[in-house]
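Observations on chain architecture
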Amino acid sequence: MIDYKNINNDEKKLKKHKPVILKNVGIISSIFLFVSIIFLFFYAYKAYMDNYFKLRNVAISGNRILTIKKIKNIAQTNSPKSMSFYSEKKIYSNLITNPWIKKVSVAKIYPDTIYIKLKEVTPVAALRINKKIYIIDNDGYLISEYKNDVNIHINKLMQLRTKNQSYLNKHSLLNSIFKTYKKLDNIDRIDYIDIVFDSRQLAHFKSGINVVVNSLSCPNKSFDRLKNRWSEFLREKNNLENISICFNNKFVLRWKKGDVK
């Protein structure tokens with residue numbers, strides 16, 4: 001027999017649960033719709049901001065040796081991407097590892113500019129070793145091998161020559177040669193200094209006179225005495241092979257036909 005009493009009870013239960021189920025589906029749908037709207041809002045906002053805050057200008061100051069194009073390449077800031085793509089720390093790291101850059105600061109200026117301020121290393125000397133040219137700073141340290149992608153008037157630097165690669169690492173010696181170079185260049189224009197040994201350098205003057213020095217140990221009065229007698233030596237330059245000056249009270253003149261003290 002069918003219990004119609006129970007059937008009526010089951011129908012009442014179904015009617016009771018149906019509104020609850022529909023209510024839950026409605027809540028979930030509302031939440032999904034709300035999340036979708038928020039997501040679309042942020043996506044649209046990000047797309048707008050990425051387009052508005054896009055790198056259009058890279059302002060650079062303090063450069064004399066490195067070109068603007070080269071700095072942008074080093075900093076990796078030569079693409080019009082979103083400002084959020086560029087990290088100030090990353091740009092700084094890219095730049096400070098370059099041997100020509102001594103100091104650098106980086107700042108973002110919204111909406112579309114990155115500002116780079118840098119200080120470059122000062123080149124002092126060009127050291128020629130065989131067919132290569134190396135640029136040395138004022139402390140005697142190697143900056144880099146010379147290439148034509150930097151803005152340097154190579155002939156305006158101190159000119160040094162050697163056949164020994166090890167002199168690239170002798171900072172104190174190079175520093176002492178720089179000081180000697182300046183003292184001699186005040187007497188007359190130098191063409192170049194040849195580094196023969198640590199204790200022997202040969203200064204070639206444009207006038208044709210060659211002077212032997214020991215930059216690590218040369219009395220200051222030797223340069224004063226050389227200056228006082230320079231006009232005399234100029235008259236004899238065709239007969240002189242070289243002049244050794246680093247003594248307390250004399251010069252040693254090497255003549256092309258022999259030695260005379």
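Small disclaimer: the values here were computed from a predicted structure and weren't measured.

Moving on, we come to the layout of surface pockets. As a volume, the largest pocket reaches approximately 260 Å³. Split by residue class, the lining of the largest pocket holds 6 nonpolar, 2 polar and 7 charged.

As a further point, take the packing of helix H2 (residues 68-75) against helix H3 (residues 88-96). Direction vectors running N to C along H2 and H3 enclose 120°, while the axes themselves pass 8 Å from each other. What the angle tells us is that H2 and H3 run oblique. Residues Ile-71, Ile-74 and Ala-75 of H2 pack against Ile-91, Asn-94 and Leu-95 of H3. The residue inventory of the contact of H2 with H3, partitioned by class, reads 5 nonpolar, 1 polar and no charged.

Turning our eyes to something else, we now look at the sheet that holds strand E1 (residues 57-61). The pairing of strands in a sheet comes from backbone hydrogen bonds and takes either a parallel or an antiparallel form. Read across the sheet, 3 strands follow the order E1-E3-E2 without closing on themselves; strand pairing throughout is mixed. Each of the sheet's edge strands pairs with one partner strand only, and the pair in question is E1 and strand E2 (101-109). On average, each strand axis in the sheet is inclined to that of its neighbour by 15°, with strand direction left out of account. Packed on one face of the sheet, H3 meets E2 and strand E3 (113-120) and runs near 160° to E2.

Time to look at the pairing of strand E8 (residues 190-197). Note that strand E7 (residues 158-162) and E8 share 2 bridges and pair parallel. Residue pairing for E8: Leu-160 is matched across the bridge by Ile-193. One crossover worth recording links E7 to the parallel E8 by way of helix H4 (residues 171-185), and it is left-handed. Of the pairings in the sheet, the one linking E8 to strand E9 (residues 200-205) comprises 6 bridges and is antiparallel in character. Its bridge partner lying in E9, Phe-197 is registered against Arg-200. The antiparallel hairpin formed by E8 and E9 contains 2 residues in its connecting segment.

Calculation notes
- Residues numbered from 1 in each chain as written.
- Predicted model: local features only at pLDDT ≥ 70, side-chain atom pairs only at ≥ 80, totals over all residues.
- Heavy atoms only, no water.
- 1 Å grid on protein atoms, 1.4 Å probe; cavity = no way out; pocket = protein on both sides within 12 Å on 5 of 7 lines; lining within 4 Å.
- Points joined across faces, edges and corners; volume = space filled by probe spheres on them.
- Nonpolar A, V, L, I, M, F, W, Y, C, P; charged D, E, K, R; others polar.
- Axes fitted to C-alpha atoms, helices over the stretch in contact; angles between N-to-C directions.
- Helix = DSSP H or I, 4+ residues; strand = E, 2+ residues; numbered from the N terminus.
- Parallel < 35°, antiparallel > 145°, perpendicular 65-115°, else oblique.
- Contact = heavy atoms within 4.5 Å.
- Pairing = 2+ DSSP bridges.
- Right-handed = clockwise from strand over helix to strand, strands pointing away.

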